[in-house]
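# Descriptive structure summary
The lines below spell out each chain.
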Amino acid sequence: MNVVHYFFQNHEEILELTLGHLWLVGISTLFAVLIGIPLGILSAHYPVWNKPVLGTANIIQTVPSLALFGFLLPVPWIGARADRLAILALTLYALLPIIRNTYTGIRGVDPFVVEAGRGMGLTDRQLLFQVELPLAVSVILSGVRVAVVVSIGLATIAAAIGAGGLGEFIFRGLAMVNNELILAGAIPAAILALSADFGLGWVERRLRPR
Amino acid sequence: MERVPANGPVIEFRGVAYTLPNGRPLLHDLNLEVQPGETLILLGRSGSGKTTTLKLVNRLLTPSAGEIRVNGGLTTESDVIRLRRGMGYVIQDVGLLPHLTVERNIGLVPRIEGWPADRIRLRVEELLQLVGLDSQIRSRYPHQLSGGQRQRVGVARALAADPPILLMDEPFGALDALTRDQLQREFRALQQRLQKTVVFVTHDLREALRLGSRIALMEAGRLVAVLSPQDFLQSKDPLAAAYVQACGDGLDSVINRGTP
């Protein structure tokens, strides 16, 4: 009951931090998509790039998140503001699932279909945009979905470096040993993650080629 | 496309060899000419090099030695995209794009060639009629079609931009006997009307005799003989004779004598 009471009393701050949280996740996902999809295409088309690209993304993934925030702190311009730093870290984490799924999705396109397209006289560019990407889009999107869900969780840690978001409540609650405060951060974060998972999953099914 | 020299061959192989990057040779010293308006059959079992030969024409493969000329121009020196758009390509699994409707599949090349939308629509209509499909089918997706329908759409798509050359790689191979028979019949009638230069790959002698004006028999990467259907049946060549024997009687009646 106390939790509900707390939510009603603080709905403005909860809303504000939720929006801040969404902003961190949204911007970093956008960057990760803009970087990750071209890298995935590159490694699918040129196998030489496959190992270095996926290897690097894999290594980034293994760095503990708090440590990554720490590592990035001394980087000029980035380290100067907490939200820049948080966005960079979240972008780096989101790369792996997006690159990997783009790679898998494009490699998974039926080679006969690609060859037929090539035989018809499609240029490499037309093959990519009219054949490969449309056929791989649901696999790519499922990578984006994983990235978003993971980012929503990870973004709570960004509060540790003062980047805001729902983690504010959680860290404040931990410091004050106050469960209501912790839940005020954790519950909206969980709802965000579940709705992102559900919503993007729905879009993914709609786009799946028959 | 370059001008077609009068009476010259449309496609010409001169000493062509193809070797895989790993050093395995697939084709040896191939010399072959395809005349305008004929249906040249490449007949052979799997691994004989017939599909390789076909893919050398539209440069899905590049020859390791020798030269291939299309309409007099070297394929290795021409713009590969223009070269390919000058020939229709039909393969066994059709290669219809699964995410596009029948209409968009057929209209793909015209669309990237920049035809206006209503001209494409008319052309699709015309082609559906030509290959014997109901125009209702245009909004369906490939997975909603039967094998025979898909194959017809594949032929329609290859004809879309009205290329003078058709390359067909076992186009009717995956169909049931009845549908295959029907499509072969229709293909023969269609070919009489359109007079395209066709290179047609098959392993089925019956199909070769039925559709071909000449049959190029291949084995283990070599061209064994080029024969007319009548000559093929009489041939003393041991391989040709073995094909005839394996097929049994009644072959004489299927021969393409120019009447549908």
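Now for a look at the structure at hand. (Residues numbered from 1 in each chain as written. Chains lettered and ligands numbered in written order. Predicted model: local features only at pLDDT ≥ 70, side-chain atom pairs only at ≥ 80, totals over all residues. Heavy atoms only, no water.)

A tally of helices and strands in chain A yields 9 helices and 0 strands. When its helices and strands are written in sequence order, chain A yields α-α-α-α-α-α-α-α-α. Its C-alpha atoms give chain A principal-axis dimensions of roughly 65 × 40 × 25 Å. Expressed as a percentage of its 210 residues, the buried residues of chain A come to 47%. Put simply, of all contacts in chain A between residues at least 6 apart along the chain, 74% involve residues at least 24 apart. Split by element, the accessible area of chain A, about 10700 Å² in all, is 69% carbon and sulfur. Chain A carries 13 positive and 12 negative side-chain charges, and their two centres are separated by 9 Å. (Helix = DSSP H or I, 4+ residues; strand = E, 2+ residues; numbered from the N terminus. Buried < 20%, exposed > 50% of the residue type's maximum accessible area, 1.4 Å probe, protein only. Contact = heavy atoms within 4.5 Å. Areas by Shrake-Rupley, 256 points an atom, 1.4 Å probe, with all protein chains shown as cover. Lys, Arg positive; Asp, Glu negative; His and termini not counted. Charge placed at Lys NZ, Arg CZ, Asp CG, Glu CD.)

Let's shift gears to the packing of aromatic side chains. Residue and element names in this part refer to chain B. In the structure shown here, the tally under the stated rule is 3 aromatic pairs over all chains. Taking the centre distance of 6.0 Å and the plane angle of 55° together, the rings of Phe172 and Phe200 count as tilted. Of this pair, Phe172 sits in the loop between strand 7 (165-169) and helix 7 (177-194) while Phe200 sits in strand 8 (residues 197-202), and the two are 28 residues apart along the sequence. Judged on exposure class, the residue Phe172 and its partner Phe200 are both buried. A centroid spacing of 5.7 Å and a plane angle of 55° characterise the contact between Phe187 and Phe200, whose relative ring orientation is tilted. (Phe/Tyr/Trp six-rings, centres within 6.5 Å; stacked < 30°, edge-to-face > 60°.)

In this approach the atoms are scanned with a rolling probe the size of a water molecule, which exposes any empty space left behind. Applying the stated criterion to the full structure yields 3 cavities of 30 Å³ or more. Of the volumes computed, that of the largest cavity is approximately 90 Å³. Considering the residues around the largest cavity, the lining is formed by Met120 of chain A together with Arg84, Arg85, Met87, Gly88, Tyr89, Val109, Arg157, Ala158, Ala160, Ala161 and Pro163 of chain B. Going through the elements one at a time, helix 2 (80-85), strand 6 (87-91) and helix 6 (147-159) of chain B are the ones with two or more residues in the lining of the largest cavity. With 3 residues, the single largest contributor to the lining of the largest cavity is strand 6 of chain B. Within the lining of the largest cavity, the residues separate by chemical class into 8 nonpolar, 1 polar and 3 charged. The volume enclosed by the second largest cavity comes to roughly 40 Å³. Surrounding the second largest cavity, Leu159, Leu166, Phe187, Leu190, Gln191, Leu194 and Lys196 of chain B form its lining. Considering each element in turn, the lining of the second largest cavity owes the most residues, 4 residues, to helix 7 of chain B. (1 Å grid on protein atoms, 1.4 Å probe; cavity = no way out; pocket = protein on both sides within 12 Å on 5 of 7 lines; lining within 4 Å. Points joined across faces, edges and corners; volume = space filled by probe spheres on them. Nonpolar A, V, L, I, M, F, W, Y, C, P; charged D, E, K, R; others polar.)

Here the focus is the layout of surface pockets. Computed from the structure, the largest pocket encloses a volume of approximately 310 Å³. For the lining of the largest pocket, the secondary structure elements donating two or more residues are helix 2 (11-45), helix 5 (82-107), helix 6 (111-119) and helix 7 (124-154) of chain A. The biggest single contributor to the lining of the largest pocket is helix 7 of chain A, with 5 residues. When grouped by side-chain class, the residues that make up the lining of the largest pocket number 8 nonpolar, 1 polar and 6 charged. Taken as a whole, the second largest pocket spans an internal volume of roughly 240 Å³. Along the walls of the second largest pocket sit 14 residues, with Leu26, Gly47, Gly49, Thr51 and Thr52 of chain B positioned nearest its centre. Per-element tally for the lining of the second largest pocket: the top contributor is helix 1 (residues 50-57) of chain B, with 4 residues. For the lining of the second largest pocket, a count of residues per class yields 4 nonpolar, 6 polar and 4 charged.

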